[in-house]
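Next come the chains, spelled out residue by residue.
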Amino acid sequence: MPVFNATMRKFGAPQTIIHQYQYWSVMLRPAQLTLGSLILAAHEPVRSFSALSQESFTELHEVISQLESALAKAFSYDRLNYLMLMMVDPDVHFHVIPRYAKTKYFNAMEFIDSGWPGAPDFNRTYEIDAETNRLIIDHTVSCWGKK
């Protein structure tokens, strides 16, 4: 089990972890930009992408392949954005934002991608309750590893 860095803790680890690898954790982004928004966080204690080990980069290929497959099965996204911002939270991580041309519904909630077709709108997030977050996590986990 990795040591959770400050960025991972900020985004709710360990409760928000969907899938954990040796070098990476996939977590639900508690404030959803769009349905199924995730955080992909490196475990290594580095502050620049280039400082990650070769092993971390190698594993990243597997992580991304499984992540994209699970999100496609879970939510049928139209596009997928990976944003590595690291301004507020300097540990290596990506915001993984599924993008939708049309409104999505989950657990009787409406999710609109207000930035479509442009950049994700970080000013509009869905502050959802813990139960809905848990349902999104459980649904995504149930799709992990399935084609």
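Structural notes, computed from the coordinates. This structure is a prediction, so every number in the text was calculated from the model and none was measured.

Section: the nonpolar core
- Membership of the largest hydrophobic core comes to 33 residues, with the highest contact counts inside it found for W24, V26, L38, L40, L67, F75 and V96.
- Put simply, the parts of the chain that give this core at least two residues each are β2 (24–28), β4 (38–42), α2 (54–75), β6 (93–99) and α3 (130–143).
- No other element matches α2, which puts seven residues into this core.
- Core analysis: the second largest hydrophobic core is formed by eight residues, M8, A13, I17 and I39 among them.

Let's talk about α2
- Look at α2: 31 Å from first C-alpha to last across 22 residues, which is about the 32 Å you get at 1.5 Å a residue.
- Buried residues belonging to α2 abut β2, β4, β5 (79–83), β6, β7 (104–106) and α3.
- Remark: S76 follows α2 within two positions and exhibits a positive phi of approximately 50°.

Quick word on the pattern of salt bridges
- Within this structure, the stated rule accounts for four salt bridges.
- Among the salt bridges present, the one from R47 reaches D91, with a minimum N-O distance of 3.2 Å. Placement of R47 in the loop between β4 and α2 and of D91 in the loop between β5 and β6 is noted, with a sequence separation of 44 residues between them.
- Exposure remark for R47: the relative accessible area of 55% places this residue in the exposed category.
- A salt bridge links R99 to D113; the shortest N-O distance between them is 2.7 Å. Linking R99 in strand β6 with D113 in the loop between β8 (109–111) and β9 (126–127), this pair joins segments that are 14 residues apart in sequence.
- With relative accessibility at 8%, the residue D113 sits in the buried group.

Calculation criteria
Residues numbered from 1 in each chain as written. Predicted model: local features only at pLDDT ≥ 70, side-chain atom pairs only at ≥ 80, totals over all residues. Heavy atoms only, no water. Core = buried A, V, L, I, M, F, W, Y, C linked by side-chain atoms within 4.5 Å. Buried < 20%, exposed > 50% of the residue type's maximum accessible area, 1.4 Å probe, protein only. Helix = DSSP H or I, 4+ residues; strand = E, 2+ residues; numbered from the N terminus. Expected span 1.5 Å × (residues − 1). Contact = heavy atoms within 4.5 Å. Salt bridge = Lys/Arg side-chain N within 4 Å of Asp/Glu carboxyl O.

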